Amino acid sequence: MAHESIAIPVRGHTVTVAYYRGVAGATPKGTIIIGSGDVGWVGLGSELAEFLSAEGYVTVGINVREYLEMFSVGTSHVTPDDVASDYATIATALRDRGLLPAPVIVSGVSEGAAMAVLAGAAPGNHTWIRGVMTLGLPPTAEMAWHWRDAATWLTKKDAEEPSIAPKDFVAKVAPLPLWMIQSMKDEYVTPADYALIDRMAQAPKQLTLIAASNHRFTDQKPELHKQVLAGLAWIGSRSADAWGVRPGA
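Residues numbered from 1 in each chain as written. Predicted model: local features only at pLDDT ≥ 70, side-chain atom pairs only at ≥ 80, totals over all residues. Heavy atoms only, no water.

Trainee: Please explain the pattern of salt bridges as it appears in this structure.
Mentor: Pairs can form between side chains of opposite charge whenever their charged atoms are close. For the structure on display, the rule yields eight salt bridges. Each of Arg11, Asp82 and Asp86 takes part in salt bridges that share partners, so that together they form one network. (Salt bridge = Lys/Arg side-chain N within 4 Å of Asp/Glu carboxyl O.)

Next up, the structure:
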């Protein structure tokens, strides 16, 4: 499915998002901002954007690898507060252009799931985010990216970069609803990892496990799509008061 590239100024840099308009001629069901994994805007993140666009949602793709890389200069890197603020900046820029139909849900895959948690954990973002959905939320997430880190795609080990633990932030997503989807045979995330994150999260929350064979849910895409739609319905049933509020209002 074709998408548009929209350039948005963010703290002296330009973040280019992939924008999918949803079903032509139909009123959008809302907007879902999706952060990619650390390989970039390919694979599960872009597939999910296309699927949800066909379901009637506007979807906005953030290439998390590019986002982290542009702010990784010397020892500089993004912070959790930067992520929260940058997501708000992106949302405001889209809304100012009439491109952010409510309600807005932040989501992401792997590294992008951690970015969604950071955005949703910031109290200032609770005025415009209706809920958070994660897919394959990892126990640690890097706050920087350099090309040397590409080797981790083969080693399946964490990059030697500054990082955060999503378990330290998930409780702050409440009172926004949090829907978490995890693979039961994830090569990066153990059952103990996602059980701990679930314990740290506060209601309203839901952990959904899928019997997929890997981190990418490769052999369970129909079930994944089913649970994503179930999660959107669940979020919608628990956060009606968040409709249509302007970022930063």
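What follows continues from the structure just given.
Trainee: Explain helix 1 (residues 44-54) here, please?
Mentor: Turn by turn, an α-helix covers 3.6 residues, leaving residues three or four places apart pointing in a common direction. Within helix 1, eight of the eleven residues are buried, which leaves the element mostly enclosed by the surrounding structure. Along helix 1, the residues classified as buried are Leu44, Gly45, Ser46, Leu48, Ala49, Phe51, Leu52 and Ser53. In this structure, the buried residues of helix 1 make contact with strand 2 (13-20), strand 3 (31-35), strand 4 (58-62), strand 5 (104-109), strand 6 (129-135) and helix 7 (221-238). Count one or two residues on from helix 1 and you reach Gly56, which has phi positive near 105 degrees. (Buried < 20%, exposed > 50% of the residue type's maximum accessible area, 1.4 Å probe, protein only. Helix = DSSP H or I, 4+ residues; strand = E, 2+ residues; numbered from the N terminus. Contact = heavy atoms within 4.5 Å.)

Trainee: It is not clear to me how helix 3 (residues 80-96) should be interpreted in this structure. Could you clarify?
Mentor: With 17 residues, helix 3 ought to run about 24 Å at 1.5 Å a step, and its terminal C-alpha atoms sit 25 Å apart, in line with that. Within helix 3 the residues assigned to the buried category are Asp82, Val83, Ala84, Asp86, Tyr87, Ala88, Ile90, Ala91, Ala93 and Leu94. Following helix 3 by one or two positions, Gly98 has its phi on the positive side, about 70 degrees. (Expected span 1.5 Å × (residues − 1).)

Trainee: Would you take a moment to explain the packing of helix 1 against helix 7 for this structure?
Mentor: Helix packing geometry: the angle between the two helix axes and the distance between the axes. Where helix 1 contacts helix 7, the axes come no closer than 12 Å and their chain directions differ by 60 degrees. Here helix 7 runs oblique to helix 1, going by the angle between their axes. Where helix 1 crosses over helix 7, the two elements pack in a sense that is right-handed. Together, Leu44, Glu47, Leu48, Phe51 and Leu52 of helix 1 and Lys221, Leu224, His225, Val228, Leu229 and Leu232 of helix 7 make up the contact between the two elements. Residue classes in the contact of helix 1 with helix 7 are distributed as eight nonpolar, one polar and two charged. (Axes fitted to C-alpha atoms, helices over the stretch in contact; angles between N-to-C directions. Parallel < 35°, antiparallel > 145°, perpendicular 65-115°, else oblique. Left-handed = near helix turned anticlockwise from the far one by under 90°. Nonpolar A, V, L, I, M, F, W, Y, C, P; charged D, E, K, R; others polar.)

Trainee: What is the right way to look at the pairing of strand 3 in this model?
Mentor: Consecutive residues of a regular strand have side chains that alternate between opposite faces of the sheet. Buried residues dominate strand 3, accounting for five of its five residues. Judged by which residues are buried, strand 3 turns out to be covered on both faces: Thr31, Ile33 and Gly35 on one side and Ile32 and Ile34 on the other are all buried. Bridge count between strand 3 and strand 4: five bridges; the pairing is parallel. The residue of strand 4 that forms the bridge with Ile32 is Thr59. Handedness of the strand 3-helix 1-strand 4 crossover: right-handed. By the bridge criterion, five bridges tie strand 3 to strand 5 in an arrangement that is parallel. The residue bridging Thr31 from the neighbouring strand is Val104, located in strand 5. (Pairing = 2+ DSSP bridges. Right-handed = clockwise from strand over helix to strand, strands pointing away.)

Trainee: Sorry if this is basic, but what is going on with the sheet that holds strand 5 here?
Mentor: Working definition: the strands of a sheet are paired by backbone hydrogen bonds and lie parallel or antiparallel to each other. Spatial ordering of the open sheet is given by 1-2-4-3-5-6-9-10, a layout of eight strands whose pairing is mixed. Strands with a single pairing partner mark the edges of an open sheet, and in this sheet they are strand 1 (4-10) and strand 10 (205-210). For this sheet, the mean angle separating the axes of adjacent strands, direction not counted, is 20 degrees. Pairing geometry for strand 9 (residues 178-183) and strand 10, over six bridges, is parallel. Across the sheet, Ser183 pairs through a bridge with Ile210, a residue of strand 10. Across the sheet, helix 6 (residues 191-200) touches strand 9 and strand 10, and the angle it forms with strand 10 is around 165 degrees.

Trainee: When you look at the packing of aromatic side chains in this model, what are you seeing that I'm missing?
Mentor: Aromatic rings considered in pairs are described by the distance between their centres and by the relative angle of their planes. A full pass over the atoms with the stated rule returns three aromatic pairs. For the pair Tyr67 and Phe71, a centre-to-centre distance of 5.6 Å together with 70 degrees between the ring planes defines the contact as edge-to-face. Their ring planes at 50 degrees and their centres at 5.5 Å tell us that Trp179 and Trp234 sit as a pair that is tilted. Within this pair, whereas Trp179 is found in strand 9, its partner Trp234 is found in helix 7, the two being separated by 55 residues in sequence. (Phe/Tyr/Trp six-rings, centres within 6.5 Å; stacked < 30°, edge-to-face > 60°.)

It is worth stressing that arrangement in space is one thing and function is another; only the former is reported here.
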